[in-house]
Amino acid sequence: MIDRVRRAVPPRQQRRFSRAMQLILVGIVLFGLVDGNPKAIVNGGLALAITFLPAVLERNYKLPLDPWLALWVTAAVFFHTLGSAGLYGHFHWWDHLTHALSASLVAGIGYVTVRALDLHSDQIELPKRFYFFYILIFVIAFGVLWELFEFGLDVFAAQTGITMPLSQHGLDDTVVDLMFNTAGALIVALWGQAHLLGVAEQLKERLQEAVEQ
């Protein structure tokens with residue numbers, strides 16, 4: 001499934017999509033500055049900074065990442081930023097999309113980190129079956145912590161009167177969010193591991209170089 005998506009979009013086109021989303025994020029930040037909208041500035045600015053993370057990893061840590069990984073990161077924060085800009089209120093399914101996409105990214109990061117440690121250390125030996133359940137549990141736990149974080153922001157906003165960039169919308173909304181988080185984790189657990197193994201191996205090599213130094 002994931003491999004079909006990668007083959008359907010050439011690497012050069014993937015980079016163009018990433019650049020286009022970055023330009024739109026720049027536009028959102030500029031709009032926030034002109035309009036005096038702190039929410040647009042914060043959400044757009046943070047999202048834009050995150051989109052440069054793959055380039056920073058490649059330049060500073062010699063960890064080359066495929067263009068589709070950069071596109072994955074960029075798309076996750078881009079769609080969330082558009083949702084915060086108003087699409088969450090216009091399309092009820094937009095929140096489901098962003099939760100599934102963000103959860104898949106969290107799942108990928110969690111898998112790559114643990115897999116790299118497994119490959120790096122002879123003292124760690126994890127069976128392949130472990131990773132499927134690990135990805136699910138990791139994402140579910142992260143989702144619960146995120147919902148608690150949003151709840152804390154709601155409490156803080158109620159006490160101070162300050163509008164927060166994130167908020168909860170009731171118990172039903174929280175449960176649905178966790179369901180789509182799980183859906184994003186399942187995509188990575190079922191189809192994404194094979195495509196992320198190369199990244200884990202690259203990270204293992206960087207860990208080995210760091211230890212030798």
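Residues numbered from 1 in each chain as written. Predicted model: local features only at pLDDT ≥ 70, side-chain atom pairs only at ≥ 80, totals over all residues. Heavy atoms only, no water.

Peer 1: Can you tell me about the overall build of the chain, naming the residues and giving the values?
Peer 2: In terms of helices and strands, the chain carries eight helices and zero strands. What you see in the chain, going N to C, is helices and strands ordered as α-α-α-α-α-α-α-α. Taking all 213 residues of the chain together, the buried fraction comes to 37%. A separation threshold of at least 6 residues defines the contact pool for the chain, and within that pool the share at least 24 residues apart is 68%. A total of about 13,000 Å² of accessible surface is found on the chain, and carbon and sulfur atoms cover 67% of it. (Helix = DSSP H or I, 4+ residues; strand = E, 2+ residues; numbered from the N terminus. Buried < 20%, exposed > 50% of the residue type's maximum accessible area, 1.4 Å probe, protein only. Contact = heavy atoms within 4.5 Å. Areas by Shrake-Rupley, 256 points an atom, 1.4 Å probe, with all protein chains shown as cover.)

Peer 1: Could you give an account of the packing of helix α6 (residues 94-120) against helix α7 (residues 128-160), with specific residues and numbers?
Peer 2: Here α6 crosses α7 at 130°, and the two axes come no closer than 9 Å. By the criterion of interaxial angle, the relationship of α6 to α7 is oblique. Here the hand of the crossing between α6 and α7 comes out right-handed. Each of H99, A103, V106, A107, G110, Y111, V114, R115 and D118 in α6 lies in contact with α7, whose residues at this interface are F130, Y131, Y134, I135, F138, V139, F142 and E147. The residue makeup of the contact of α6 with α7, split by class, is twelve nonpolar, two polar and three charged. (Axes fitted to C-alpha atoms, helices over the stretch in contact; angles between N-to-C directions. Parallel < 35°, antiparallel > 145°, perpendicular 65-115°, else oblique. Left-handed = near helix turned anticlockwise from the far one by under 90°. Nonpolar A, V, L, I, M, F, W, Y, C, P; charged D, E, K, R; others polar.)

Peer 1: Tell me about the confidence of the model for the chain, residues and numbers included.
Peer 2: Looking at the chain as a whole, the pLDDT averages 83, with 90% of positions reaching at least 70. Per-residue pLDDT, averaged within each element of the chain, yields its smallest value for helix α1 (residues 2-8) (57) and its largest for helix α2 (residues 11-35) (89). (pLDDT = per-residue confidence, 0-100.)

Peer 1: If you had to explain the side chain of D118 to someone new, which residues and values would you point to?
Peer 2: Counting through the fold element by element, D118 comes out in helix α6. Exposure remark for D118: the relative accessible area of 9% places this residue in the buried category. In this structure the side chain of D118 is engaged in a polar contact, spanning 3.1 Å, whose partner is the side chain of R115. Side chain to side chain, D118 and Y131 meet in a polar contact 2.6 Å long. Look past the residues within four positions of D118 in its chain and what remains in contact with it is I124, E125, L126 and Y131. (Polar contact = N/O pair within 3.5 Å; in protein donor to acceptor, adjacent residues only side chain to side chain.)

Peer 1: Explain a positive patch on the surface residue by residue, including any values.
Peer 2: A grouping of R12, R15, R16 and R19 is seen on the molecular surface, where their side chains present a positively charged patch. You can see R19 is positioned in helix α2. (Patch = residues over 30% accessible without salt bridge, like charges linked within 9 Å, V, L, I, M, F, W, Y side chains within 5 Å. Salt bridge = Lys/Arg side-chain N within 4 Å of Asp/Glu carboxyl O. Lys, Arg positive; Asp, Glu negative; His and termini not counted. Charge placed at Lys NZ, Arg CZ, Asp CG, Glu CD.)

Peer 1: Explain the environment of M179 to me, and be specific about the residues and the numbers.
Peer 2: Tracing the backbone shows M179 in helix α8 (residues 171-212). Judged by relative accessible area, M179 falls into the exposed class, the value being 54%. Linking M179 and H96, residues 83 residues apart in sequence, is a C-alpha distance of 8.9 Å.

Peer 1: Requested: an account of the UniProt feature "transmembrane region" (unreviewed entry) in the chain, with residues and values cited.
Peer 2: Sequence positions flagged by UniProt for "transmembrane region" (unreviewed entry) are, in local numbering, residues 16-34, 40-57, 69-91, 97-118, 130-149 and 178-199. As annotated, residues 16-34 comprises 100% helix and 0% strand, and the C-alpha atoms at either end are separated by 27 Å. Structurally, residues 69-91 is divided into 96% helix and 0% strand, and its ends, taken at the C-alpha atoms, are 27 Å apart. (UniProt positions renumbered as here; feature names shortened; annotations may be inferred.)

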